[in-house]
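An overview of the molecular structure
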Amino acid sequence: MPATTADTSVLEAIRTHTLSENASAFLALNSGNSTFTVPGADGVVVYRRTGGFAVQFGGPFAAPDAYDTLLDGFRRYVKDEGLELVGVQLQRADAERYAARGFTVNQVGASWAVRLPEFSLRGTRFMQLRNKISRAHRNGLVIKEVTADDWQGAIAAIDEAWLGSKGGAQQLEFLVGQIGGDPQTHRRLFAGTIDDVPVAYISYSPVYGERAGWMHDLSRRVPEGSPGLMEAINAHAIEVFRAEGVEWLHFGFTPFTGLDAGHELGGHSPAFQWLMHALWAEGAALYPAQTQLSYKQKWAPDELIPEYVAFDRPTASIAGFAHVFRACKAF
């Protein structure tokens, strides 16, 4: 079936069809994504084409009785296009259905979530975090919720400085949130200034399903800024969300983290499992998983949510896995 680009239909699908509990589902609305549909089937498949692969984001966002129809239809479409299918950020419910259809499915990492009603920064385990936040405020940090339109220039300047500090790295896509466009009305943006100069921001994306709330998504800071900028902004946002009665704050997917043999499904690839552990230990050049996890663990998450990659073949595909990162513009 031909791809479509109707944001409204994708938004409706991720809001309505939440059985897999994918906290990153809002990333389906990123510009540059393609969607696949089947006439009469209630749902969508979201993917990107890169090289000889179709890299699918999550499982089908679909009604229960349309899920298999969409998955089977998409598999046929991909093969007819001469491509190979690899799915990433599958949730456990997705992973089981893919494995049952003959995909090779392995845990690829995890996402993390904090339950907000009981959350507090009191206690000794948060002492270092409180100190960093206090230092940022002592250095003059002022935090407020802003609009992307008002902060467009400031965001661009912070992004340029941040990417420059990473050796001119490219802006990641696909599995990372965006700012701007029609979906922006559904996101929230908290930003910090020191002496009226923009120094950092965090964008939050909505999360639907049983653990509804917000996901700590795209975040940037000026590299020479005060310690504790991101921690202070996130702590401020948490208090805003708690006052609004929000139940969950999600920290999103980090590859190579939360790996556990107990999360693997039957038929998984032991060689690929070994690779994920090796990349956790030595793969900082590919993705700074340990740094990312260190930040998330500062908030003492209540939930570790395993996430999966699926290869439409009898064995795992290193080329397919590499094309996930190509789709993200990581290289």
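Residues numbered from 1 in each chain as written. Predicted model: local features only at pLDDT ≥ 70, side-chain atom pairs only at ≥ 80, totals over all residues. Heavy atoms only, no water.

Observations concerning the nonpolar core
- Core analysis: the biggest nonpolar cluster contains 44 residues, and Leu-116, Leu-141, Trp-151, Tyr-204, Phe-241, Leu-249 and Trp-299 have the highest contact counts within it.
- If one sorts the elements of this core by residue count, helix α6 (residues 229-243) sits on top with eight residues.
- If we skip the residues at most four places from it in the chain, Leu-249 touches Trp-112, Ala-113, Val-114, Leu-116, Tyr-204, Trp-214, His-216, Asn-234, Ile-238 and Phe-241.
- Grouped together as the second largest cluster of nonpolar side chains are 40 residues, Val-86, Leu-175, Phe-256 and Phe-272 included. (Core = buried A, V, L, I, M, F, W, Y, C linked by side-chain atoms within 4.5 Å. Buried < 20%, exposed > 50% of the residue type's maximum accessible area, 1.4 Å probe, protein only. Helix = DSSP H or I, 4+ residues; strand = E, 2+ residues; numbered from the N terminus. Contact = heavy atoms within 4.5 Å.)

Notes on the side chain of Thr-257
- As for its position among the elements, Thr-257 is in the loop between β11 (248-255) and α7 (270-282).
- Leaving out residues up to four positions away in the same chain, Thr-257 has contacts with Gln-107, Gly-109, Ala-110, Trp-112, Trp-280, Ala-289 and Leu-293.

With respect to helix α3 (residues 92-100)
- Among the residues of α3, Asp-94, Ala-95 and Tyr-98 are the ones counted as buried. Taken down its axis, α3 places every buried residue within 100 degrees of arc, on the same side.
- On the buried face of α3, the contacting elements are β3 (53-57), α2 (67-80), β5 (84-90), β6 (104-115) and β12 (303-311).
- Just downstream of α3 lies Gly-102, where phi reads positive at about 95 degrees. (Arc of directions from axis to C-beta.)

Here's the deal with the environment of Ala-278
- On the secondary structure map, Ala-278 appears in helix α7.
- Counting along the chain gives 133 residues from Ala-278 to Glu-145, while the straight-line C-alpha distance between them is 40 Å.

Brief notes about the pattern of salt bridges
- Applying the stated criterion to the full structure yields 16 salt bridges.
- In this structure, Arg-101 engages Asp-68 in a salt bridge whose closest nitrogen and oxygen atoms are separated by 3.6 Å. On the criterion of sequence distance, the pair formed by Arg-101 in the loop between α3 and β6 and Asp-68 in helix α2 is long-range, its members being 33 residues apart.
- Since its relative accessible area comes to 26%, Asp-68 is described here as partly exposed.
- Between Arg-188 and Glu-244 there is a salt bridge whose closest N-O contact spans 2.7 Å. Taken together, the positions of Arg-188 in strand β8 (residues 188-194) and Glu-244 in the loop between α6 and β11 put the pair 56 residues apart, joining distant regions of the chain.
- Judged by its relative accessible area of 13%, Arg-188 falls in the buried class. (Salt bridge = Lys/Arg side-chain N within 4 Å of Asp/Glu carboxyl O.)

Considering unusual backbone geometry
- In the Ramachandran plot, Gln-89 falls in the positive-phi region, its phi being about 60 degrees despite a non-glycine side chain.
- Within the fold, Gln-89 resides in strand β5.
- Of note in this structure, Asp-195 is not a glycine but carries a positive phi near 55 degrees.
- Relative to the helices and strands, Asp-195 is located in the loop between β8 and β9 (197-207).

Examining α6
- Taking 1.5 Å of rise per residue, the 15 residues of α6 would be expected to cover 21 Å, and the 22 Å separating its terminal C-alpha atoms lies within 8% of that figure.
- Looking at α6, one finds that the buried residues are Leu-229, Met-230, Glu-231, Ala-232, Ile-233, Asn-234, Ala-235, Ala-237, Ile-238 and Phe-241.
- Gly-245, located one to two residues past α6, shows a positive phi value of around 80 degrees. (Expected span 1.5 Å × (residues − 1).)

Thoughts on the pairing of β3
- Burial within β3 is extensive, with five of its five residues counted as buried.
- Alternating residues of β3 divide into Phe-53, Val-55 and Phe-57 and Ala-54 and Gln-56, and every residue in both groups is buried.
- Both strand β2 (residues 43-50) and β3 contribute to a ladder of four bridges, which runs antiparallel. Note that in β3 the partner of Arg-48 across the bridge is Val-55. (Pairing = 2+ DSSP bridges.)

Observations regarding the pairing of β12
- Within β12, seven of the nine residues are buried, leaving the element largely enclosed by the surrounding structure.
- Two strands pair when backbone bridges link them, and β5 and β12 are joined in this way by four bridges, in the antiparallel orientation. Opposite Val-88, over in β12, you have Val-309 as the bridge partner.

Details of the packing of aromatic side chains
- Summed over the entire model, instances satisfying the criterion amount to 22 aromatic pairs.
- Residues Tyr-98 and Phe-103 carry aromatic rings whose centres are separated by 4.8 Å and whose planes lie at 55 degrees to one another, so their mutual orientation is tilted.
- Since its relative accessible area comes to 0%, Tyr-98 is described here as buried.
- Measuring from ring centre to ring centre gives 5.3 Å for Phe-321 and Phe-325, while their planes differ by 80 degrees; the resulting arrangement is edge-to-face. Of this pair, Phe-321 and Phe-325 both sit in helix α9 (residues 318-327), four residues apart, roughly one helical turn. An identical accessibility class is assigned to Phe-321 and Phe-325; each is buried.
- Cluster of aromatic residues (ring-pair linked, three or more members): Phe-119, Phe-126, Phe-251, Tyr-295 and Trp-299. (Phe/Tyr/Trp six-rings, centres within 6.5 Å; stacked < 30°, edge-to-face > 60°.)

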